[in-house]
Structure formats: structure tokens, C-alpha cells
Amino acid sequence: MMNTNNHTSGEKQRLLSLCGSMEQIAGVRPVRYQDGRAAGLGGALVWNGPLETMLMLDKCLDPAWLRYKGINLGILTKPGLQGRNPYDTAGEEAVRSIMGGAMFTCGLGNIHGHRQVDGTEHPTHGRIRTTPAEKVGMDAWFEGDTYRVRVTGEMREARIFGENLVLRRSVECLWGKEPGQLPARPSCQLIFRDRIENQGFEPQPLCMLYHCNAGYPLLEPGTRLILPDRTCTPRDEDARRGMDTRNLMGEPQAGAPEQVFQHTMAADPEGWTFGAFVNDRLGLALAIHWNVNQMPLLTQWKSSAAGDYAMALEPASCGFEGRAGATRILEPFETHVNELRFCIYEGAGEIAALETQERQLRES
């Protein structure tokens, strides 16, 4: 006989005794913007108490912004919040559609600047960042003591007589307890899980980069990086001049050139590593955790330019040359999986624990 005696746990019962609806503290709702260049842009508003984000349904389920207790952590560039545009993938014009956000996904055919490879044009940062999601799902439910909020969707990058790559994404945040070892308090995490499949009949290069962006007020003069890197290579002469100060933000300067660095990272035995933006004045750190077995490199972008003041940590599958260099190749019907965790740490104690983790990785 089926057991129908479904007892709730103590934590779940307590939450439901305090909240008429769990949406008081956690949930997800579809929204649609009404004006300006964002008019028509669909989003999934996700919150779980301290964290709040807007996942853009029309742009790869990327987070337009990420806030912690009301404090903005990401960037919004001068083009501003916007949906899909005719210039999204129009060569060098694509930079007019780069709004930044807490993260945008670069790929799948190209991750860096506009270029031609083997006679094919690849727009700045690739096409996947402006690809709308299909088969979108939104849910929030109890699983034991844990209240899970999840958004899922599928993005396809394909052309006739060419590639047929499918990215299936799950984005999740939690309220409550999570079994197993996680790097931060469960309610202070936003977890991305991507599964990329080559559904074509020819091998395809897989170029992926997660452009994770920090902006004001998290990013301000004095904000620093915790970064357990093994090596660091500057992209050009501008970056070479900034090697000694690459991990520290200074004052904004009009017309300052961007600086880009490529890192290899120390990692634990399972391949996990991280990089963190630390604002000691606010007592906040935003860490990006990823696995080097999935994404072996890290690109760091630093802009001290007034009005374009930003820094990004960008776990990547390939280096500065993108698909023109050494890349991961997906065979027909082969899949590749990435996991990326945004984790917020608060207070001197949690930041000190991150610094201890950095030392341990360097010593391993």
C-alpha cells in the first residue's frame, strides 16, 4: 500500500506558519518591459530573500542585474537595458547592444572581438548572448527543508549547412539548507548549469566565456581581487603596463584604455577554483566559482575609464585567439557540461575564509 503520510519538516512548517505565501521571501515571476530599447524584453524576476536577479528570457537567460540586500553588484553599460536589436550581431556594430549585466554568455562560435575565420564572420562576443530562450520553465517548490527557485530554457545556435549547437540552461537559487559541500550560505548563491550538445553531424568548435561583471557600488576605488592564479599573461601593451595593479581598482580616468589578462588557475583535486571581487568598505565579496576541467582558463577584463568603470572575471573554454586558436571540439551528438556559481560573502570573517581558501589552493 502506498504511504500517504507526508509529514512536513520542522523548518518547512515554521516557514509556512510565518508566511501566508512563500513569495514573501522567495519566488519567480515572468515580467515584460514596456518602454525604450527594453520594450518587449521578457524576463524572469527571481528572488530568495537577500538575492534578487532578472533573467532575460530573450537573451540566453543571462542576469540583467544581481542585487544583494538591495546593493547592486553588476554593471549596466551606457547602451542600457535592451532587448534584441537588428545590430546585435552586425559585426563591430554589436558593441552597441552590449549592456553588460551581472553576466552575459559569450559564444558559441566566438567569444572575443569581431573577426573572420575561414571566410565566416563572427560578431563581437558571439551570437548566443542575444539568443532567446525556448521551452522556458519557471518553478519554486519545497524539497525537504530547502525551497528551490529554478528557471530553465533552451537556446540554439544553428545555420543551414552549418552548425547545430543547443545550450540547455538551468538557473537556481535556494532558501534554506542544501545537502553537501557548497562554498557559501545557500541563500547567497545563484547557480548556473549549462549543457551544450552538438546536434549536427560534423565536429564543431565550442567557444564559451562567461562574462561575469562587477560594477558600482561593489566596484569602486579600492575594490580588490582574490585570485588564486598560477600564471597571468597580458593581452597587449596596455595590459602589460597594468600588470602590477591588475588586482586593484583605482580612480576613474577619462579615456583610460581597457586592460585584458589571461590566467591559469590553481584548483582543488576536483578542479574547483574561484575568483572574488572584494569591497572591504562594504564588507562584501562576490565570488565566481567554476571548474577548470570544464573551463580551463580565466580572462580578466579591467576598465578604469570614467563612465565605463568595470571589471569582469570570465571563465573560458579557450584563450585570446578564440576559435582561431586551440578550442574544445564537440563531436557529433557529444555534450559538454559547465557549472558556474555566483556566491556572496559578507563580513570580515567570511572574506578572511576566502583568503584562506586562496592560500590553500596556491599551496596545493
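Above this text you will find the structure in question.
Residues numbered from 1 in each chain as written. Predicted model: local features only at pLDDT ≥ 70, side-chain atom pairs only at ≥ 80, totals over all residues. Heavy atoms only, no water.

1. Observations concerning the overall build of the chain
Check the secondary structure of the chain and you find three helices and 24 strands. In terms of C-alpha radius of gyration, the chain reaches 21 Å, essentially the compact-globule figure of 21 Å for 364 residues. Considering only C-alpha atoms, the chain reaches an extent of 65 × 50 × 45 Å along its principal axes. Counting across all 364 residues of the chain, residues that qualify as buried make up 53%. Put simply, 66% of the contacts in the chain that link residues at least 6 apart link residues at least 24 apart. Surface exposure of the chain reaches about 16200 Å², of which carbon and sulfur atoms provide 49%. Here the chain holds 38 positive side-chain charges and 45 negative ones, and the gap between their average locations is 2 Å. (Helix = DSSP H or I, 4+ residues; strand = E, 2+ residues; numbered from the N terminus. Rg over C-alpha atoms; globule rule 2.2 N^0.38 Å. Buried < 20%, exposed > 50% of the residue type's maximum accessible area, 1.4 Å probe, protein only. Contact = heavy atoms within 4.5 Å. Areas by Shrake-Rupley, 256 points an atom, 1.4 Å probe, with all protein chains shown as cover. Lys, Arg positive; Asp, Glu negative; His and termini not counted. Charge placed at Lys NZ, Arg CZ, Asp CG, Glu CD.)

2. Digging into unusual backbone geometry
In terms of backbone geometry, most residues other than glycine have negative phi values and most peptide bonds are trans. Residue L108 is reached from G107 by a cis peptide bond, and omega for that bond is -10°. Residue position: L108 is located in strand β8 (residues 103–108). Here Y216 and P217 are connected by a cis peptide whose omega angle stands at 10°. With respect to the element layout, P217 can be found in the loop between β15 (204–214) and β16 (224–226). Residue L61 is not a glycine yet carries a positive backbone phi of 60°. You can see L61 is positioned in the loop between β3 (51–56) and β4 (62–68). Here L61 falls in the buried class, since its relative accessible area comes to 0%. Within the chain, F333 stands out as a residue other than glycine whose phi angle is a positive 65°. One can find F333 in the loop between β23 (328–330) and β24 (335–346).

3. Section: the packing of aromatic side chains
Following the criterion strictly, the structure yields three aromatic pairs and no others. Ring geometry for F201 versus F333: centroids 5.1 Å apart, planes at 80°, classification edge-to-face. Placement of F201 in the loop between β14 (189–198) and β15 and of F333 in the loop between β23 and β24 is noted, with a sequence separation of 132 residues between them. Of the residues examined, F201 reaches a relative accessible area of 71% and is grouped as exposed. The aromatic ring of W65 is capped on one face by R67, whose charged end is 3.8 Å from the ring centroid. Above the face of the W272 ring, R341 is positioned so that its terminal group lies 4.2 Å from the ring centre. (Phe/Tyr/Trp six-rings, centres within 6.5 Å; stacked < 30°, edge-to-face > 60°. Lys NZ or Arg CZ within 6 Å of the ring centre and 35° of its normal.)

4. Quick look at the pairing of β3
Within β3, five of the six residues are buried, which leaves it mostly tucked inside the rest of the structure. Of the strand pairs in this sheet, β3 and β4 are connected by five bridges, and their pairing is antiparallel. Its bridge partner lying in β4, E52 is registered against R67. A loop of five residues connects β3 with β4, the two strands running antiparallel in sequence, and C60 in this loop sits at a positive phi of about 65°. (Pairing = 2+ DSSP bridges.)

5. Digging into the sheet that holds β3
Strand order in this open sheet of five strands is β1-β2-β3-β4-β5, and the pairing throughout is antiparallel. Where the open sheet ends on each side, the last strands, each with one partner, are β1 (27–32) and β5 (71–72).

6. Some points on the side chain of E163
Mapped onto the secondary structure, E163 falls in the loop between β12 (146–158) and β13 (164–175). A distance of 2.9 Å separates a polar atom in the side chain of E163 from a polar atom in the side chain of R159. Setting aside residues up to four positions removed in sequence, E163 forms contacts with E157, A158 and Q204. (Polar contact = N/O pair within 3.5 Å; in protein donor to acceptor, adjacent residues only side chain to side chain.)

7. Things to note about helix α3 (residues 347–363)
If you check α3, its first and last C-alpha atoms are 25 Å apart, about what 17 residues at 1.5 Å a residue would give, namely 24 Å. Where α3 is buried, its residues contact β16, β17 (229–234), β19 (272–279), β20 (284–291) and β24. (Expected span 1.5 Å × (residues − 1).)

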